[in-house]
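Structural features, examined
If you want the building blocks of each chain, they are given just below.
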Amino acid sequence: MVTTATKVPVKPLGDRIVVQPLEAEQTTASGLVIPDTAKEKPQEGKVLAVGPGNWDEDGEKRIPLDVSEGDIVLYSKYGGTEVKYGGEEYLVLSARDVLAIIEK
């Protein structure tokens with residue numbers, strides 16, 4: 001079953017998840033402002049929707065994903081597909097592109 005923490009118009013299938021990338025830091029630790037052209041692509045995001053998971057080898061039951069909606073995750077720098085829908089930017093990732101869950 002697919003559930004959503006917030007109303008997301010994009011419903012992931014299989015082992016996919018929908019993530020909203022978090023903004024990269026605007027300043028360095030010493031207080032210098034980073035211009036837009038020098039910012040790195042964000043690798044952190046909030047999970048907005050989770051697919052039902054892939055089927056097991058026998059095709060009898062789904063294998064649930066390790067992430068849940070609302071989790072803050074660290075994902076592969078160039079993983080996933082960027083999607084713009086309804087004026088919002090989302091990232092659709094495969095579960096294997098998620099490297100870790102960040103606990104704050």
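Provided above is the structure to which this section pertains.
Because the structure is predicted, anything quoted here is derived from the model rather than measured.

It is worth spelling out the overall build of the protein at this point. The helix and strand inventory of the protein stands at zero helices and eight strands. Going through the 104 residues of the protein one by one, you find that 28% of them count as buried. Sequence-distant contacts in the protein: of pairs separated by 6 or more residues, those separated by 24 or more amount to 65%. Roughly 7,300 Å² of accessible area belongs to the protein as shown, and the carbon and sulfur atoms make up 50% of that amount.

Applying the stated criterion across every chain yields a total of one salt bridge. For Lys 84, the salt bridge identified is with Glu 89, shortest N-O distance 3.8 Å. Judged by its relative accessible area of 68%, Lys 84 falls in the exposed class. Since its relative accessible area comes to 49%, Glu 89 is described here as partly exposed.

This next bit is on the sheet that holds strand 6 (residues 81–85). The six strands lie next to each other as 6-7-1-2-5-8, forming an open sheet whose pairing is antiparallel. Since the sheet does not close on itself, it has two edges, and those belong to strand 6 and strand 8 (98–102), each with one partner. Pairs of neighbouring strands in the sheet enclose a mean axial angle of 40 degrees, with direction left out of account. Pairing analysis gives four bridges linking strand 5 (residues 72–75) to strand 8, with the strands arranged antiparallel. By the bridge assignment, Tyr 75 is partnered in strand 8 with Val 98.

Cut-off values and rules
- Starting from 1, residues in each chain are numbered consecutively following that chain's sequence as written.
- For a predicted model such as this one, the threshold for reporting local features is a pLDDT of at least 70, and the threshold for listing and counting side-chain atom pairs is 80 or more; totals across whole chains, interfaces and linings nevertheless cover every residue.
- Remark: hydrogens and water are excluded; side-chain values derive from all non-hydrogen atoms of the structure.
- Secondary structure is summarised from DSSP: a helix means a run of H or I of at least four residues, a strand means a run of E of at least two, and numbering begins at the N terminus for each.
- Burial classification: accessible surface area is computed with a 1.4 Å probe over protein chains only, and a residue below 20% of its type maximum counts as buried, one above 50% as exposed, and the rest as partly exposed.
- By the convention used here, residues are in contact when the closest approach between their heavy atoms is within 4.5 Å.
- Method for areas: the Shrake-Rupley scheme with a 1.4 Å probe, in which residue coverage is limited to the protein chains shown.
- The salt bridge definition used is simple: a Lys or Arg side-chain nitrogen within 4 Å of an Asp or Glu carboxyl oxygen.
- At least two bridges found by DSSP between two strands are what make those strands a pair.
- Under this scheme, a helix contributes an axis fitted over its contacting stretch, all axes are lines through C-alpha atoms, and angles between N-to-C directions fall in the 0 to 180 degree range.

The values reported here are purely geometric and, on their own, carry no functional implication.
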